[in-house]
Amino acid sequence: MKKYTYTDKKDTRSGFGAGLTELGRKNPNVVALCADLTGSLKMDEFAEENPERFFQVGIAEANMMGLAAGLTIGGKIPFTGTFANFSTGRVYDQIRQSIAYSDKNVKICASHAGLTLGEDGATHQILEDIGLMKMLPGMTVINTCDFNQTKAATLAIAEHEGPVYLRFGRPKVPNFTPENQNFEIGKAIMLNEGKDVTIIATGHLVWEAIEAGEKLAEQGIEAEIINIHTIKPIDREAILTSAAKTGCVVTAEEHNFLGGLGESVARVLAEERPTPQEFIATQDTFGESGTPEQLMEKYGLNSDNIVKAALKAIERK
Amino acid sequence: MPDTQQLKDLTVQVRRDILRMVHAVNSGHPGGSLGCTEFFVAMYNEIMELKDEFHMDGKDEDVFILSNGHISPVFYSVLARRGYFPVEELKTFRKINSRLQGHPTTHEGLPGVRIASGSLGQGMSVALGIALGKKLNNDDHLVYSLHGDGELQEGQNWEAIMFAAGNKVDNIVATVDYNGQQIDGSTDNVLPLGDLKAKFESFGWDVMEIKEGNDLGAIIEGMKEAKSRTGKGKPVAVLLHTVMGNGVDFMMHTHAWHGKAPNDEQLATALEQNPETLGDY
């Protein structure tokens, strides 16, 4: 098992903020809009440095999505910022008609996704957003795993023509991917090669997958671990190549099993290489208040659960 | 600039287009389209500064956003007759493989359309976004938008109306098709809009009314006045008093023709009242 280390824990939303600040300095067409959560989204620095290109829209997310769609028409590249819940479910029809169906180059940047938002509870912990967004034709869906990858993704989506949903979170998590990495949309990253089981993880579950790989290695099991930051378009080749090698798959995500990464992977496998698959995801439930660690444990989204799922997947081969 | 007779002829021809388009597919929205015919003719031929060819970015020209997308027949007819696409294409309206979808879209690449509309209440925000972009681009042209009165029941409008005044977006003229009708009946019966002028004014807009919203001269004079009020720190709203179904006697003053096509006999009667001027498609 390849060894992964980190020097510090950082929040993915700060990676977004750092990326946005850099974009503000190098791309004059980038504009940003925020619905009264500038501090939470770490957009302060962009706002201070580019007051004429930053739009505080107030608590009015529907209007924010429409403004962003309109801003693209004159050639701007708008980045919207609010919590994942208010970036998707609250404004689904605005995104559907004014952005996706209208082919507008809007970057919908969503923080506080999933259970790890923590104590605020289920009203704010959306676990359905990946499904909502991946169902929209033409929408790219990205869920990053740490600070460095989120920063790189933020820079990359500005260069991509078309609507993007970029999902990240609130808590500080191990920052283990390389600084100043090249982020390729739609290209999965091989973290560890193995022959016994494939673990395909996204977002905060990627680090848990690495820890699970170490635990499995102690039992003599070689896990192949894939960091799949882009859920749409999904990297079919990476999934199929690995499944062919290991013969079984575990998917891991901080999202409902309905509509998430697991279903996207299952479709690829069902079409081309039917393979036993176990799903680490929430089980069609809402979240609740608690610390991120407590919630991830209660809802079965940590490395121990990935280990159990891997053993089960291997048995089913 | 076309003279008044040319605009009148165009208005009658657009009415014929609307009626024939909805009749051909036995669907679509003639009422609101007929009510706004004079407005569209005036905007695209007298008021807006437009480039001859369509450019999605709308840079260095005025931009029009139709928020109440169901009145696509009048929009399509006026766009075609201004030369954005062949007039013959009007016969594909609402048919399979057409660029003229039931509600306007950008998806099929129809020149003249910059945003999909149909799901109501979204156009004001989009228009404001374009207006913000024009300011960033140092483009002093204007954004014009059209909204149904019933459409103002959608809450997103009021988010946008609040934003526009709060941010002094003064390069937009948002017009409300004030016909007092919606699908289920009069706006007063469905959900009263109250004092619309006072509502816009209390949100910080400069509001004017065009009482004769089906009179070409009144529209042109009114919209020129609206244009002159831009650039003064406030967004401008125009309450355009129109008659739904205008120009066809049995379609006027009722919501019955909001989303209903005429049958063969009704079409013949309606066309008799609007004799061919510039040539049918």
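This is a predicted model, so every value here is computed, not measured.

Novice: Got a sec to walk through the overall build of chain A? Specific residues and values, please.
Specialist: Of the regular secondary structure elements, chain A holds 12 helices and 14 strands. Its C-alpha atoms give chain A a radius of gyration of 19 Å, within 12% of the compact-globule value 20 Å for 317 residues. Judged by the C-alpha coordinates and their principal axes, chain A covers about 60 × 40 × 35 Å. When each of the 317 residues of chain A is scored for burial, the buried share is 66%.

Novice: So what about the overall build of chain B? Which residues, and what values?
Specialist: Within chain B, the regular secondary structure consists of 10 helices and 7 strands. Relative to its length of 281 residues, chain B is compact, with a C-alpha radius of gyration of 18 Å against a globular reference of 19 Å. With respect to the three principal axes, the spread of C-alpha positions in chain B is 50 × 45 × 35 Å. The burial tally for chain B puts 58% of its 281 residues in the buried class. Put simply, 75% of the contacts in chain B that link residues at least 6 apart link residues at least 24 apart. The averaged location of the 39 negative side-chain charges in chain B is 3 Å from the averaged location of its 25 positive side-chain charges.

Novice: Any details on the pattern of salt bridges? Residues and values, ideally.
Specialist: Considering all chains together, one arrives at 31 salt bridges over all chains under this definition. Through salt bridges that share partners, R236(A), R267(A), E271(A) and E272(A) make up one connected network.

Novice: Hey, could you go over the domain arrangement of chain A for me, with residue numbers and the actual values?
Specialist: All names here are of chain A. Domain boundaries in chain A define domain 1 (9-174) and domain 2 (189-315). Of note, the centres of domain 1 and domain 2, computed from C-alpha atoms alone, are 25 Å apart. Each partner contributes to the interface: domain 1 provides 33 residues, whereas domain 2 provides 33 residues. Of the roughly 2,400 Å² buried where domain 1 meets domain 2, counting both sides, 58% is carbon and sulfur surface.

Novice: Help me get a handle on the nonpolar core, residues and values and all.
Specialist: Core analysis: the largest hydrophobic core is formed by 73 residues, its most contacted members being I95(A), I108(A), M139(A), L128(B), F200(B) and W205(B). Beyond its immediate chain neighbours, meaning those up to four positions away, I95(A) contacts M65(A), S87(A), T88(A), A100(A), I108(A), M133(A), L136(A) and M139(A). Among the nonpolar cores identified, the runner-up in size contains 56 residues, and V78(B), V238(B), V248(B) and M251(B) belong to it.

Novice: For helix 5 (residues 123-136) of chain B, give the residues involved together with the corresponding values.
Specialist: All names here are of chain B. For helix 5, which comprises 14 residues, the first-to-last C-alpha distance of 20 Å matches the rise-based estimate of 20 Å (1.5 Å per residue) to within 8%. For helix 5, the full list of buried residues reads G123, M124, S125, V126, A127, L128, G129, I130, A131, L132, G133 and K134. One or two residues past the end of helix 5 sits N138, with phi positive at roughly 55°.

Novice: Describe the environment of T150(A), listing the residues and the values that go with them.
Specialist: Residue and element names in this part refer to chain A. Looking at where T150 falls in the secondary structure, it is placed in helix 7 (residues 147-159). In this structure T150 comes out as buried when scored by relative accessible area, which is 0%. With residues up to four places along the chain from it excluded, the contact list for T150 reads T12, G15, F16, T144 and F168. At 2.6 Å, the side chain of T150 forms a polar contact with the backbone oxygen of D146.

Novice: How would you summarise the packing of helix 3 (residues 61-73) of chain A against helix 5 of chain B if you had to cite specific residues and measurements?
Specialist: Put simply, helix 3 of chain A and helix 5 of chain B touch, their axes get as near as 6 Å, and they point 45° apart. With respect to helix 5 of chain B, the axis of helix 3 of chain A lies oblique. With respect to the hand of their crossing, helix 3 of chain A and helix 5 of chain B are arranged in right-handed fashion. The residues of helix 5 of chain B that touch helix 3 of chain A, namely those facing A62(A), N63(A), G66(A), L67(A), A69(A), G70(A), L71(A) and I73(A), are S125(B), V126(B), L128(B), G129(B), I130(B), L132(B), G133(B) and L136(B). Of the residues assigned to the contact of helix 3 of chain A with helix 5 of chain B, the class counts are 10 nonpolar, 6 polar and no charged.

Novice: An account of the interface of chain B and chain A is needed here, citing residue identities and associated values.
Specialist: Taken together, the contacts link 28 residues of chain B with 26 residues of chain A. For the pair chain B and chain A, the summed buried area comes to about 2,200 Å², and 56% of that belongs to carbon and sulfur atoms. Summed over the three residues of chain B that lose the most area to chain A, namely Q122(B), L136(B) and E159(B), the buried surface amounts to 24% of that side. Applying the counting rule to chain B against chain A returns 15 residue pairs in polar contact (both at pLDDT 80 or more). Counting residues per element, the side of chain B that touches chain A draws most heavily on helix 5 of chain B, which supplies 8 residues.

Novice: Help me get a handle on the pairing of strand 7 (residues 236-241) of chain B, residues and values and all.
Specialist: Residue and element names in this part refer to chain B. Most of strand 7 is tucked away: 5 of the 6 residues are buried. Sheet analysis places strand 3 (residues 172-178) next to strand 7, joined by 6 bridges and oriented parallel. Bridging across to strand 7, A174 finds its partner in A237. Examined bridge by bridge, strand 6 (residues 206-210) and strand 7 share 5 bridges and lie parallel to one another. Along strand 7, the bridge assignment pairs M208 with V238. Following the chain from strand 6 across helix 9 (residues 216-228) to the adjacent parallel strand 7, one finds a crossover that is right-handed.

Novice: Any details on unusual backbone geometry? Residues and values, ideally.
Specialist: Most peptide bonds adopt trans geometry, and most residues besides glycine take a negative phi value. Residues and elements named next belong to chain A. Residue P233 follows K232 across a cis peptide bond; omega there is -5°. Mapping P233 onto the fold places it in the loop between strand 12 (230-232) and helix 9 (236-246). Look at D36: it is not a glycine, yet its phi comes out positive at around 65°. Within the secondary structure layout, D36 lies in the loop between strand 2 (30-34) and helix 2 (44-49). For D36, a relative accessible area of 44% corresponds to the partly exposed category. Residue D284 is not a glycine yet carries a positive backbone phi of 50°. Its location among the elements puts D284 in the loop between strand 14 (277-282) and helix 11 (292-298). A residue is classified by how much of its surface remains accessible, and D284, at 51% relative accessible area, is exposed.

Thresholds applied
- Residues numbered from 1 in each chain as written.
- Chains lettered and ligands numbered in written order.
- Predicted model: local features only at pLDDT ≥ 70, side-chain atom pairs only at ≥ 80, totals over all residues.
- Heavy atoms only, no water.
- Helix = DSSP H or I, 4+ residues; strand = E, 2+ residues; numbered from the N terminus.
- Rg over C-alpha atoms; globule rule 2.2 N^0.38 Å.
- Buried < 20%, exposed > 50% of the residue type's maximum accessible area, 1.4 Å probe, protein only.
- Contact = heavy atoms within 4.5 Å.
- Lys, Arg positive; Asp, Glu negative; His and termini not counted.
- Charge placed at Lys NZ, Arg CZ, Asp CG, Glu CD.
- Salt bridge = Lys/Arg side-chain N within 4 Å of Asp/Glu carboxyl O.
- Domains from an automatic or database assignment.
- Buried area = accessible area lost by both parts, 1.4 Å probe.
- Core = buried A, V, L, I, M, F, W, Y, C linked by side-chain atoms within 4.5 Å.
- Expected span 1.5 Å × (residues − 1).
- Polar contact = N/O pair within 3.5 Å; in protein donor to acceptor, adjacent residues only side chain to side chain.
- Axes fitted to C-alpha atoms, helices over the stretch in contact; angles between N-to-C directions.
- Parallel < 35°, antiparallel > 145°, perpendicular 65-115°, else oblique.
- Left-handed = near helix turned anticlockwise from the far one by under 90°.
- Nonpolar A, V, L, I, M, F, W, Y, C, P; charged D, E, K, R; others polar.
- Pairing = 2+ DSSP bridges.
- Right-handed = clockwise from strand over helix to strand, strands pointing away.

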